[in-house]
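The primary structure of each chain is shown beneath.
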Amino acid sequence: MGHLLVRIIIFQMLLMNLINDKINLTSYQMYILTQLVLLLSSGIIGIGFILASYFLAVTWI
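Residues numbered from 1 in each chain as written. Predicted model: local features only at pLDDT ≥ 70, side-chain atom pairs only at ≥ 80, totals over all residues. Heavy atoms only, no water.

Colleague: Help me understand the overall build of the protein in this model?
Modeller: From N to C terminus, the protein includes 1 helix and 0 strands. In terms of overall size, the protein is more extended than a compact globule, its C-alpha atoms giving a radius of gyration of 26 Å where 61 residues would be expected to give roughly 10 Å. On the principal axes, the C-alpha backbone points of the protein span a range of 90 × 5 × 5 Å. Within the protein, buried positions represent 0% of all 61 residues. (Helix = DSSP H or I, 4+ residues; strand = E, 2+ residues; numbered from the N terminus. Rg over C-alpha atoms; globule rule 2.2 N^0.38 Å. Buried < 20%, exposed > 50% of the residue type's maximum accessible area, 1.4 Å probe, protein only.)

Following this line, the structure appears as structure tokens:
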């Protein structure tokens, strides 16, 4: 009976480790996705500023 209890405790610990790993992986994927969105949006804003300044320069010159 003692061996069964030890195996249940070990299995429970392994299961908790797997759940924690899954949570960590999900949060890391969200971090990467957030970084990509920020990079993409800053690139779009940068291109917008370049185009706006180009059109302003063309209309003023």
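Colleague: Got a minute to help me understand a nonpolar patch on the surface in this structure?
Modeller: Taken together, F11, L15, M16, L18, I19 and I23 make up a surface patch of nonpolar side chains, about 610 Å² in accessible area. Among the structural elements, M16 can be located in helix α1 (residues 2-60). You can call M16 partly exposed: its relative accessible area is 45%. (Patch = residues over 30% accessible without salt bridge, like charges linked within 9 Å, V, L, I, M, F, W, Y side chains within 5 Å. Areas by Shrake-Rupley, 256 points an atom, 1.4 Å probe, with all protein chains shown as cover. Salt bridge = Lys/Arg side-chain N within 4 Å of Asp/Glu carboxyl O.)

Honestly, that's just the spatial picture; any functional story needs more than this.
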